[in-house]
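The lines below spell out each chain.
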Amino acid sequence: MARKRPFQGSSSRGSAAVAIAIAITLVLITALTCYYFIWPKWWFPEAISADARDVDRQFMATLWVTGITFIASQLALAWAVVRYRNRGQRATYSHGNNMMEIVWTAATVVVFVGLGFMARDAWASLHFRSAEPGALQIEVTAQQFAWNFRYPGADGIWGRTKVSEISDSGGNPIGLDPADPAAADDLVMPVFSVPVDREVELILKTKDVTHSFAVRELRLKQDTVPGLVIRVHFKAEKPGQYEIACAELCGLGHHRMRSFLTVLSQADYDKWLAEQMALKREEMGLSEPEPEQPKQ
Amino acid sequence: MTTQAHEAHAHGHAHAAPTGFIRKWIFSLDHKVIGIQYYLLALVAVFVGMFLSLYMRINLVWPNMELPLVGTMTPEKYLALLTMHGTIMVFFVLTTAPQSGFGNYFLPIQIGAADMAFPVLNMLSFWFTFVSFAIMLAAFFVEGGAPISGWTGYAPLSAVGEIAGPGLGMGQTLWVVSIVFFCAASLMGALNFITTLIDLRVKGLTLMRMPLTCWAWFVTAVLGLLAFGVLAAAGILLLLDRHAGTSFFIPGGLVISDKLIPHSGGSPLLWQHLFWFFGHPEVYIAILPGMGVASHVLSTFARKPIFGYRAMVFAMCAIGIIGFGVWGHHMFQSGMNPYTAFAFSLLTMGIGVPSAIKTFNWLGTLWGGQIRFTTAMMFAIGFVSLFVSGGVDGLFLAQPSVDRGLHDTYWVVAHFHLIMGVAAIFGIFSATYFWFPKMFGRMLNETLGKIHFWITFIGVYCIFMPMHYSGMQGQMRRYPDSTGIGFLSELQPIQQFITYAAFVTLGAQLLFLLNFVWSLWRGERAPMNPWRATTLEWIIPSPPPHDNFAGNVPSVYRGPYEFSVPDQAEDFLPQHLTPAEVGAQNGKK
Amino acid sequence: MTPVTTAEELHVGHGGGTPPPRDGGNGGRGDGAGGGMAHSVPLRAYYLGLSLGLVSILMFFMALVSAYLVRKGRGDWQPLPVPQILWATTAILVTSSLTVEKARKRLAEGSREGFRVWWGVTTLLGLAFLGGQWMAWMQLREAGVFLATNPSSSFFYLLSGAHGVHVIGGVLALAAVFVRRQYRRVTQAAAAEMASIYWHFMDLLWVFLLLLLVLGR
């Protein structure tokens, strides 16, 4: 028996319904996507440093470009599908238009690569320059599944570490060498604090596998790589407590590997540091504080 | 007899149709059977992969649920599911179905050949893939289970063995061995595709008259030829680190669980460079065939030549070439040289250009067309929409500074799923609905197909669009459980929405499976050319005979997309019709 | 509607209805002399396949070499004592490239006996090369240098081992050409040529690897 309708579905009424349905779906997807990008609740957390704001500016520039591209493409698709659905018309016989190809290729190159060049500054401020001189230095050692932050202590000197001294069970996660007097007063802790408006340099290391130190509000993320010592720097402008989450798969505790960065006013920071050092002295069995210490 | 004729004649004999079940269906040399074998392997793999991801989604929302086959979820089980989901989907679905499945079946036919250049090699490449898949699945069943280091298998986590976590013992070894087998299979396949395309094209089929599907398979094969050898090398180095005490990737002084790891001097970044040098071309391998299919299907059902054929070819070649220069964008935060990172970034922004050209040209193909909404066409239209979505969000990741806020978050998960896990899959679906009649001699049910399309199209947007928002909020990848971190536990409503959408979308795939299986036996019988298409596969019976053209080798007289040519009786001009035959056809009307 | 009578009257785009170019365009051969032949694969396809295979093997080795160069730059590299026998094995391999060409020349001149003699010599030299490489490994072991001893030894074993595996494949190809009498898809001369191309590639690759391992110290 001969088939009544050819296989490509040429009934105009049928195709109008499908075309309009596709178009409406595309429009809805576009609208909802844009809405939720504009809706503040699901935006990045507030940026708390100048570098972070640079990153956000670049994100916004990219969002404008991609947003326009996204909206234009989806709507053009929706339009074409409705306007050129089969209504019995003859399709235009055209193999293309070289001038249009050249124009839109050139425009895309300029926009995309231009955007790429624009991104340089936000990258450069973190990676093409080192920390300001006089930055507060804190050593960060990642491990399965914790963060260890080390301050040089009252003497201002980093103590020597030895791999053979590392013992999680013995309370010496980064392997401070007991034979080195400078190591005795080093402060090692699972969370850390910094003063506001002060350049901080983090010296990133790892004991075992690759982890990644990430603080959302600083727009900071850096892998800690076995065998490498990597430095990053930031200057936080707003006091508060900010969560640190590991950002590179490191094993079954990857999701538990969390910590806090606390940004304090200078006065609060000094107080906090003095408390930590006092606790350390107690631990070391000393009662009197050392004479006037160099400012940390 | 001349030597030439003797060769040709002898080879013709060697290609007589096989008899017997084993020669015909198991160890077949016929590219069509091999193509179907690959496709079925991918079909099994995709359901395994979806099942794994469903368990992942359930865990993210209902972590304490007892699940069949897995029991209560633990972090290591979740990470094992995650690793295997990614590996199985990328290798055994996206690298297999579009290229080895459809490419094997249709490349020879679309160029007028009776088979691939090297049928025995073709058969071997399938069976190596099969062995690879078997070894990969075996990782689930060994002591310690499947590996937990992600589909990217970063060293040293993947290199130091079980001390770093469960599954990193035998499971990880099997994973690496499976990958090495897969590399061998892919290299054999790539070699075959390129040789076939260069040397077996029928008379009149110049390169610029090839269907864009053939161009896509060609560029994909070139990428595979150059990339898989590097992955094989990386895998062998990893195996040596794991089992022979070498230190290619493991530096000294590592202490895990208070034990000193006895290696020294290796570089974890070396693994990343080798892996991603392969890994980036790999994702273009996954998407290019889908682009070829989209071009082909859009043109066919808009009844209009593809807009800018040359530009499309140029764009695919540009994507292939530049694709070898952008791998560093996976490593911006890895500790790599920041100046090199910036260079990679510029190239990555640049590779967005050929993709944009293709998108403009797809829209241009629809413009002025006479669009018929078959299921294949709807998936092709969906492909364009999803390609745009998944493509533009990549522009953010391509900039290293912006990437600082987004790396390893769900934004990345959204990006690669939209572009690979959805757009490429839509390419596979479009190809399936388009070519099923030719392959099996029966039509897929269009109503079921359309329902499949609608639920899937809306469903995937519901699943993957919200991941952008949770990613911006800092939702981390590869976290079995986010509730321990304050700002992440607030995002649970998004997680729930995504999981519900996943359930529904997965259900629609069962509908597809039902349609597929049912239509194999009860589908409406397919004519030779149900879609009134122009390329050479539509001039042979559905399904084709063993040697495709049954001795009547066509010649080609025009390009592949001659639709709606003015002053013609028909709205399509098949490639094989001689001008005289066209004239005769016009004369009748 | 006026019937179109000539190809030129079809107004079509660049892909339009022109008859196929006289030389078959860039396409493969159509039906062979047998008329309506099913699947004739031209000889050049086998050469192309071989070249592509060599490209993929090259990429594999380039990945290993780049790993070597990266690893070399790191602190703990100790130069490897190169076993002296490697000079002998290299000489054997280079000689075998000469003998394989001699064999092909004999075949081209029509001397089947000459071909078999020189081809057999080549195969034996190939085996001798492999044996010598094995002895080099034994010498290193005796000196206490194993795979994991030092990164330089790791790469030595790895590169020479990977090369050796590919040479085993080459020796099997040489043996197959030696043994085989009947050829269906290609001629014997073509098979010999392709095996010899592979063989030369292995020779050149070895020279390159040896220079890398030795000169780089």
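The rules behind the values
- Residues numbered from 1 in each chain as written.
- Chains lettered and ligands numbered in written order.
- Predicted model: local features only at pLDDT ≥ 70, side-chain atom pairs only at ≥ 80, totals over all residues.
- Helix = DSSP H or I, 4+ residues; strand = E, 2+ residues; numbered from the N terminus.
- Rg over C-alpha atoms; globule rule 2.2 N^0.38 Å.
- Buried ≥ 20, exposed ≤ 12 C-beta atoms within 10 Å, placed from the backbone.
- Contact = placed C-beta atoms within 7 Å.
- Nonpolar A, V, L, I, M, F, W, Y, C, P; charged D, E, K, R; others polar.
- pLDDT = per-residue confidence, 0-100.
- Expected span 1.5 Å × (residues − 1).
- Pairing = 2+ DSSP bridges.
- Axes fitted to C-alpha atoms, helices over the stretch in contact; angles between N-to-C directions.
- Core = buried A, V, L, I, M, F, W, Y, C linked by C-beta atoms within 7 Å.
- Domains from an automatic or database assignment.
- Parallel < 35°, antiparallel > 145°, perpendicular 65-115°, else oblique.
- Left-handed = near helix turned anticlockwise from the far one by under 90°.

Time to look at the overall build of chain B. When helices and strands are tallied, chain B shows 19 helices and four strands. For a compact globule of 589 residues, the expected C-alpha radius of gyration is about 25 Å, and chain B comes in at 24 Å, within 12% of that figure. Counting only C-alpha atoms and orienting by the principal axes, one finds that chain B spans roughly 85 × 55 × 50 Å. Within chain B, the proportion of its 589 residues that are buried is 68%.

Turning next to the overall build of chain C. When helices and strands are counted, chain C shows five helices and zero strands. A burial count over chain C gives 35% of its 217 residues as buried. Across chain C, the fraction of contacts at a sequence separation of at least 24, relative to all contacts at a separation of at least 6, is 75%.

All right, on to the interface of chain A and chain B then. Chain A puts 90 residues into the contact, and the matching count from chain B is 98 residues. The biggest single contributor to the side of chain A that touches chain B is helix α2 (residues 50-83) of chain A, with 13 residues. Tallied by class, the residues present in the side of chain A that touches chain B amount to 42 nonpolar, 33 polar and 15 charged.

Residue and element names in this part refer to chain B. The peptide bond linking A155 to P156 adopts the cis configuration, its omega dihedral lying at 0 degrees. Residue position: P156 is located in the loop between α6 (119-138) and α7 (170-199). A cis amide bond links S542 with the next residue in sequence, P543, at an omega value of -5 degrees. Looking at the element boundaries, P543 is found in the loop between α18 (492-522) and α19 (579-588). A positive phi is found at R532, a non-glycine position, where the angle reads about 50 degrees. Checked against the element boundaries, R532 lands in the loop between α18 and α19. The exposure class assigned to R532 is partly exposed, which follows from the 18 C-beta atoms found within 10 Å. A positive phi angle, near 60 degrees, is found at D567, a position not held by glycine. Looking at the element boundaries, D567 is found in the loop between α18 and α19.

Once that is clear, we can look at the confidence of the model for chain C. Residue and element names in this part refer to chain C. For chain C, per-residue confidence averages 83 on the pLDDT scale, and 81% of positions sit at 70 or higher. Residue range residues 1-38 is modelled with pLDDT below 50. Its contacts to residues more than four positions away, or to other chains, number 96 contacts. Complex prediction metrics read pTM 0.93 and ipTM 0.93.

Let us now look at α6(B). Residues and elements named next belong to chain B. Spanning 20 residues, α6 covers 29 Å between terminal C-alpha atoms, matching the ideal 28 Å at 1.5 Å per step. By the burial criterion, the buried members of α6 are P119, N122, M123, S125, F126, F128, T129, S132, F133 and M136. Looking at the buried positions of α6, the neighbouring elements they touch are α3 (31-61), α4 (75-94), α5 (96-110) and α7.

Glancing now at the sheet that holds strand β1 (residues 136-143) of chain A. Residue and element names in this part refer to chain A. Taken together, the five strands give an open sheet; going across it, the order is β3-β2-β1-β5-β8, and neighbouring strands pair in mixed fashion. Among the strands making up the open sheet, the edge pair consists of β3 (187-189) and β8 (230-235). Within this sheet the neighbouring strands show an average axis-to-axis angle of 25 degrees, counted without direction. Direction of pairing for strand β5 (residues 199-206) relative to β8: antiparallel, over a ladder of six bridges. Bridge pairing in β8 places I203 opposite R231.

Okay, the environment of V131(B) next. All names here are of chain B. Inspection of the secondary structure puts V131 in helix α6. Judged by local crowding, V131 falls into the partly exposed class, with 16 C-beta atoms found within 10 Å. V131 sits 47 residues away from S178 along the chain, and the two C-alpha atoms are 7.7 Å apart.

Take the nonpolar core next. Membership of the largest hydrophobic core comes to 319 residues, with the highest contact counts inside it found for V81(A), I194(B), F218(B), V230(B), A233(B), A234(B) and A423(B). Residue contributions to this core peak at 23 residues, all from helix α8 (residues 212-243) of chain B. When residues of this core are assigned to domains, at least three map to each of domain 1 (12-85 + 102-126) and domain 2 (133-284) of chain A. When neighbours within four sequence positions are excluded, I194(B) is seen to be in contact with F218(B), A221(B), V222(B), L225(B) and L52(C).

So, on to the pairing of strand β4 (residues 192-195) of chain A. Residues and elements named next belong to chain A. Where burial is concerned, the two faces of β4 agree: the one with F192 and V194 and the one with S193 and P195 are both buried. For β4 and strand β10 (residues 258-264), the ladder comprises four bridges, and the chain directions are parallel. Paired with V194 across the two strands is V263, which belongs to β10.

All names here are of chain B. The contact between α5 and α7 brings their axes to 11 Å, and the two run at 25 degrees. One finds that α5 runs roughly parallel with respect to α7. Crossing geometry of α5 relative to α7 is assigned as left-handed. Facing α5, whose interface residues are S100, G103, L107 and P108, α7 presents G189, F193, T196 and L197.

The end-to-end C-alpha distance of helix α10 (residues 309-322) of chain B, which contains 14 residues, comes to 20 Å, matching closely the 20 Å that a straight helix rising 1.5 Å per residue would cover. Of the positions making up α10(B), those classed as buried are Y309(B), A311(B), M312(B), A315(B), M316(B), I319(B) and G320(B). Packed against the buried residues of α10(B) are α3 (98-118) of chain A together with α8, α9 (268-302) and α11 (338-366) of chain B.

Residues and elements named next belong to chain B. Interhelical geometry of α3 versus α4 gives an angle of 150 degrees and a closest axis separation of 9 Å. One way to sum up the angle between α3 and α4 is to call them roughly antiparallel. Helix-helix and strand crossings are classified by hand; for α3 and α4 the assignment is left-handed. In contact with L41, A42, A45, V46, V48, G49, L52, S53, Y55, M56 and N59 of α3, α4 contributes Y78, L81, L82, M84, H85, I88, M89, F92 and V93. In terms of residue class, the contact of α3 with α4 is made up of 16 nonpolar, four polar and no charged.

With that out of the way, let us pick up the confidence of the model for chain B. Averaged over chain B, the pLDDT score is 94; the fraction of residues at 70 or greater is 97%. Segment residues 1-14 of chain B: pLDDT under 50, and 27 contacts once partners within four positions in sequence are set aside and those in other chains are kept.

Okay, the environment of N515(B) next. On the secondary structure map, N515(B) appears in helix α18. C-alpha separation for the pair N515(B) and E446(B), spaced 69 residues apart in sequence, amounts to 9.2 Å.

A separate point is the environment of K238(A). Residues and elements named next belong to chain A. Turning to its location among the elements, K238 is positioned in the loop between β8 and β9 (240-245). Residue classification places K238 among the partly exposed residues on the basis of 13 C-beta atoms within 10 Å. Counting along the chain gives 21 residues from K238 to E217, while the straight-line C-alpha distance between them is 10.0 Å.

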